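Structural overview for review
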Amino acid sequence: MAAVQNQLEIKFRLTDGSDIGPKSFPVASSVANLKESILAQWPKEKENGPRTVKDVKLISAGKILENNRTLGECQSPLCEIPGGVTTMHVIVQPPSSDKEKKGGSQPKENKCLCVIL
């Protein structure tokens, strides 16, 4: 029975409402490991999928989960329901466009003027 308590059943809800999972993960798993699992299971037919772990944000109980934390550290009281499945929301950050990169590298001009009369 102790082995069951050390596992969390998690499904990942994508922005279009579809799900990945549910799948069982050890409580000691890091958030980065969850993101790697999402990358491996990402539906091939979906456009704009994540390329790296840094492209994925996981939200659980209204909080963005940090890569270096474990599931046990991020666990909400709702996860403690026996036999329950925890739903985490997956947000994929869009790749930055070339225009944003070019615009960010140019220094901005100040257009402020002070006039003393």
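First, a word on what this report is: a plain description of the structure on this page. All of these numbers come straight from a predicted model, not from anything done at the bench. (Residues numbered from 1 in each chain as written. Predicted model: local features only at pLDDT ≥ 70, side-chain atom pairs only at ≥ 80, totals over all residues. Heavy atoms only, no water.)

Next up on the list: the layout of surface pockets. A volume near 160 Å³ is recorded for the second largest pocket. Mapped by element, the contributors of at least two residues to the lining of the second largest pocket are strand E4 (63–64) and helix H3 (71–74). Among the residues forming the lining of the second largest pocket, the class breakdown is four nonpolar, two polar and four charged. (1 Å grid on protein atoms, 1.4 Å probe; cavity = no way out; pocket = protein on both sides within 12 Å on 5 of 7 lines; lining within 4 Å. Points joined across faces, edges and corners; volume = space filled by probe spheres on them. Helix = DSSP H or I, 4+ residues; strand = E, 2+ residues; numbered from the N terminus. Nonpolar A, V, L, I, M, F, W, Y, C, P; charged D, E, K, R; others polar.)

All right, on to the environment of Val53 then. Turning to its location among the elements, Val53 is positioned in the loop between helix H2 (31–41) and strand E3 (56–60). Sequence separation of Val53 and Val92 is 39 residues, and the distance between their C-alpha atoms is 9.7 Å. What Val53 contacts, discounting residues up to four positions off in sequence, is Ala32, Lys35, Glu36, Leu39 and Asn67. (Contact = heavy atoms within 4.5 Å.)

Right, let's talk about unusual backbone geometry for a bit. Cis geometry marks the peptide bond from Gly21 to Pro22, where omega comes out at 15°. Relative to the helices and strands, Pro22 is located in strand E2 (residues 19–26). Positive phi outside glycine occurs at Ala61, with the angle close to 55°. Within the fold, Ala61 resides in the loop between E3 and E4.

Keep in mind that these numbers describe shape and distance, not what the molecule does.
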